[in-house]
Amino acid sequence: MSDTIVKLNVGGRLFETTETTLRYDGKDNFFSALLSERTPSLKDSSGAFFIDRDPDYFTVLLRFLRTRKLEVSGSGLTLTSLYDEALFYSLDSIADIIMEQINSAGALIGSGAVSPLLNGAYVNCYNTEAIVFTHCGTDDEKEKRRVFIICN
């Protein structure tokens, strides 16, 4: 695997990292598709890949890809938005870790971290945001959607 430097422009902020870091565990993700040109891409005037996403969340995800440590506290970022970003980049392993942190933060709905909704759906509540996911068979077929609800 090549260890070339990759330049990224995420939401107007420039990042430099290596191809190895972006491919972090050999799994197919947004970056492996981008680097292999299987997905359409734009480049800015400097030649960096342009990604129209939030650079603050990308910073946290890139730090994880480099160090394998997820550090969010004190950043003002929400775990549910970070979860959404991890899903956008197809970083499923990181998304799973974030979901575990959301669940361990404790739900403000009912008495447990996960509360049943209708028809096999569940709500994970974190502050005023919630992630709803339904099971459509196996875990591989899980559908996840973000909604906003009021948590008391």
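Our subject is the structure listed above.
Criteria and thresholds
Residues numbered from 1 in each chain as written. Predicted model: local features only at pLDDT ≥ 70, side-chain atom pairs only at ≥ 80, totals over all residues. Heavy atoms only, no water. Core = buried A, V, L, I, M, F, W, Y, C linked by side-chain atoms within 4.5 Å. Buried < 20%, exposed > 50% of the residue type's maximum accessible area, 1.4 Å probe, protein only. Helix = DSSP H or I, 4+ residues; strand = E, 2+ residues; numbered from the N terminus. Contact = heavy atoms within 4.5 Å. Pairing = 2+ DSSP bridges. Phe/Tyr/Trp six-rings, centres within 6.5 Å; stacked < 30°, edge-to-face > 60°. Lys NZ or Arg CZ within 6 Å of the ring centre and 35° of its normal.

## So, the nonpolar core
Here is step 1: If you look at the biggest cluster of nonpolar residues, it comprises 33 residues, and the most contacted ones within it are Leu8, Phe31, Tyr89, Ile94 and Ile98.
Here is step 2: Only strand S1 (5–10), helix H2 (30–35), strand S4 (49–51), helix H3 (55–67), helix H4 (79–88) and helix H5 (92–104) provide two or more residues apiece to this core.
Here is step 3: Here this core gets seven residues from one element, more than from any other, and that element is H3.
Here is step 4: In this view, isoleucine 94 contacts Tyr24, Leu61, Phe64, Leu65 and Ala86; residues no more than four positions away in its chain are not counted.

## Here's the deal with the pairing of strand S2 (residues 13–18)
Here is step 1: Here six bridges tie S1 to S2, and the two strands are oriented antiparallel to one another. The partner of valine 6 across the bridge, within S2, is threonine 17.
Here is step 2: The turn linking S1 back onto S2 is made up of two residues, and glycine 11 within it adopts a positive phi angle of 60°.

## Overview of the pairing of S1
Here is step 1: Relative to S4, S1 runs parallel, the two sharing three bridges. The partner of leucine 8 across the bridge, within S4, is phenylalanine 49.

## With respect to the packing of aromatic side chains
Here is step 1: In this structure the tally under the stated criterion is eight aromatic pairs.
Here is step 2: Judged by centre distance (5.3 Å) and plane angle (40°), the ring pair of phenylalanine 30 and phenylalanine 88 falls under tilted. With phenylalanine 30 in helix H2 and phenylalanine 88 in helix H4, the pair connects residues that are 58 residues apart, well separated along the chain.
Here is step 3: Looking at phenylalanine 88, the relative accessible area reads 32%, which means it is partly exposed.
Here is step 4: Each residue in the set Phe15, Phe30, Phe31, Phe58, Phe88 and Tyr89 is aromatic and connected to the rest through ring pairs, giving one cluster.
Here is step 5: The residue whose ring lies beneath lysine 43 is phenylalanine 49, and the NZ or CZ to ring-centre distance is 4.6 Å.
Here is step 6: Above the ring of phenylalanine 88, the side-chain terminus of arginine 53 is found at 3.8 Å from the ring centroid.

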